[in-house]
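Inside the fold
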Amino acid sequence: MRIIGCDLHARQQTLAMLDTTTGEVVKWILPNLGDVPLSSVGNLALKGLVEKMVEAGLSPKTVNTYSQVVKSVVASAVNEEGEQLFPRKWNHEFVDMPVVDKSKQNTPYFTSEVIAGILKSTKAYKQMFCALLGGTGLRAGEAIGLEIGKHISEDFRTLYITQKVRRTKLELFLKTDAGRRDVDLCPRLATLLKTYIGGRTSGFLFQNRKGNFLSQTNLLRRGLHPALEKLKQPKAGFHAFRRYRLTWLRKNRVHADLERFWMGHENETVGDGYSKMKEDVAFRLEQAKTVGLGFALPPRIADVVRIVRKNEAKPEVENAA
């Protein structure tokens, strides 16, 4: 989309939005709307893009997601007062936006047995990463963004979620205000985490030999997907751990206030904001202990060895308590 007729501030805002868009989305937007002035991108232009995506066989969910990027780009053009330059009233009926049937969406979910199998089939940082996701429900980007000395309590029982990694970039903010939260670990997972960290006092929890955070894509391709293949399970993303954790919390009747807090979900009613349960740390830790993991950890953590820098000695292997 050509950013013409906009002031410098609007250009910067819109370019920033495009810069954070995935390559697959850009492949659809630029060829079809790349030469259209931003001021002319409205329902008719979106209708044409939707028709082409539907004809190409894209799923309703994908069409809706890619269309949302177009809307966001248009909305991102604002003046110095923060007012939208090209306000739109989008008409889904006019643009023939396909309806998403949630019952047909692919929402993979891991069972306790599958997670235990994944942990047996993975080693080192990949094993710790999967155990942490299954035992906390963290989003993958939140786990990758964790830093030792900043986001882990001294007793290793609580993680402080304040930043995330998204598309190879560290973002010092989260998707929503509710995403900024504390997530409590059961003692067994805390012990595993403590042993994994060893004597380190700083740096990313999951880092390469250069001290940079790991790639989510590599964690999938080299860790989770090979493990699922060994288990003869269909491919799935890291969000399947998050679905498992939420399901486990509900099976164990964790209070909704605490569930929303740990998972980083927004309040649903005005009354939810009145509850101060999340401020009762002792209660949270006891609940985390009671709920537990729901899946078996390896009896020994011989494989839970962090990637070390080239100039560091390889850490000694310890037994899990």
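Placed above this text is the structure.
Residues numbered from 1 in each chain as written. Predicted model: local features only at pLDDT ≥ 70, side-chain atom pairs only at ≥ 80, totals over all residues. Heavy atoms only, no water.

1. A short note on the overall build of the protein
Helix and strand counts for the protein stand at twelve helices and four strands. Relative to its full complement of 321 residues, the protein shows a buried share of 46%. By sequence separation, contacts in the protein at least 24 residues apart represent 67% of the contacts at least 6 residues apart. With an accessible surface of roughly 17500 Å², the protein has 50% of that area assigned to carbon and sulfur atoms. (Helix = DSSP H or I, 4+ residues; strand = E, 2+ residues; numbered from the N terminus. Buried < 20%, exposed > 50% of the residue type's maximum accessible area, 1.4 Å probe, protein only. Contact = heavy atoms within 4.5 Å. Areas by Shrake-Rupley, 256 points an atom, 1.4 Å probe, with all protein chains shown as cover.)

2. Focus on the layout of surface pockets
Here the second largest pocket is characterised by a volume of approximately 290 Å³. Around the second largest pocket, the lining is made up of 18 residues, and of these Asp257, Phe261, Asn267, Asp272 and Lys278 lie nearest the centre. In terms of residues, the lining of the second largest pocket owes the most to one element, helix H11 (residues 256-263), which gives four residues. For the lining of the second largest pocket, the residue count by class is four nonpolar, four polar and ten charged. (1 Å grid on protein atoms, 1.4 Å probe; cavity = no way out; pocket = protein on both sides within 12 Å on 5 of 7 lines; lining within 4 Å. Points joined across faces, edges and corners; volume = space filled by probe spheres on them. Nonpolar A, V, L, I, M, F, W, Y, C, P; charged D, E, K, R; others polar.)

3. Section: helix H9 (residues 216-230)
In a regular helix each residue adds 1.5 Å, so 15 residues correspond to 21 Å; H9 covers 20 Å between its end C-alpha atoms and thus fits that length. The sharpest bend along H9 reaches about 30 degrees and sits at leucine 224, with the proline proline 226 one to four residues further on. Buried residues of H9: Leu219, Leu220, Gly223, Leu224, His225, Ala227 and Leu228, and no others. Elements in contact with the buried residues of H9: helix H5 (112-121), helix H6 (124-136), helix H7 (140-144) and helix H10 (239-251). The residue sitting at the N-terminus of H9 and contributing the capping side-chain oxygen is serine 215; that oxygen lies 3.3 Å from the backbone nitrogen of threonine 217. In the segment just after H9, lysine 232 is the residue with positive phi, at about 60 degrees. (Expected span 1.5 Å × (residues − 1). Bend = angle between axes of the 7 residues up to and from the residue. Polar contact = N/O pair within 3.5 Å; in protein donor to acceptor, adjacent residues only side chain to side chain.)

4. Describing the pattern of salt bridges
A pair can form between side chains of opposite charge whenever their charged atoms are brought close. Within this structure, the stated rule accounts for eleven salt bridges. The partner of aspartate 96 in a salt bridge is lysine 47, and the shortest N-O contact between them spans 2.8 Å. Placement of aspartate 96 in the loop between helix H4 (60-76) and H5 and of lysine 47 in helix H3 (residues 43-55) is noted, with a sequence separation of 49 residues between them. What makes aspartate 96 partly exposed here is its relative accessible area of 46%. When its relative accessible area of 17% is taken as the criterion, lysine 47 is described as buried. Here arginine 284 ties to aspartate 184 by a salt bridge, and the two come within 2.7 Å at their closest N and O atoms. Of the two residues, arginine 284 is situated in helix H12 (residues 281-291) and aspartate 184 in strand E4 (residues 181-184); the sequence distance between them amounts to 100 residues. (Salt bridge = Lys/Arg side-chain N within 4 Å of Asp/Glu carboxyl O.)

5. What about the nonpolar core?
Phe110, Leu132 and Leu205 are the most contacted members of the largest nonpolar core, which has 61 residues in total. Among the elements that line this core, the one with the most residues is H6, at eight residues. Among the nonpolar cores identified, the runner-up in size contains 20 residues, and Trp28, Ala45, Val70 and Val73 belong to it. (Core = buried A, V, L, I, M, F, W, Y, C linked by side-chain atoms within 4.5 Å.)

6. Here's the deal with the environment of tyrosine 125
Looking at where tyrosine 125 falls in the secondary structure, it is placed in helix H6. Taking relative accessible area as the criterion, tyrosine 125 reaches 17% and is therefore assigned buried. Distance from tyrosine 125 to leucine 219, taken between C-alpha atoms, is 9.1 Å for residues 94 residues apart in sequence.

7. Details of the packing of H10 against H11
Two quantities define a packed helix pair, namely the angle between the axes and the distance from one axis to the other. Where H10 contacts H11, the axes come no closer than 11 Å and their chain directions differ by 165 degrees. Comparing their axes, H11 and H10 come out roughly antiparallel. Viewed along their axes, H10 and H11 form a crossing whose handedness is right-handed. Between H10 and H11, the contacting residues are Arg242, Arg245, Leu246, Leu249 and Arg250 on the first element and Glu259, Trp262 and Met263 on the second. When its residues are assigned to classes, the contact of H10 with H11 shows four nonpolar, no polar and four charged. (Axes fitted to C-alpha atoms, helices over the stretch in contact; angles between N-to-C directions. Parallel < 35°, antiparallel > 145°, perpendicular 65-115°, else oblique. Left-handed = near helix turned anticlockwise from the far one by under 90°.)

8. What to know about H5
For H5, a buried count of seven out of ten residues is recorded, marking the element as mostly surrounded by other parts of the structure. Along H5, the residues classified as buried are Ser112, Val114, Ile115, Ala116, Gly117, Ile118 and Leu119. Buried residues along H5 sit in contact with H6, H9 and H10.

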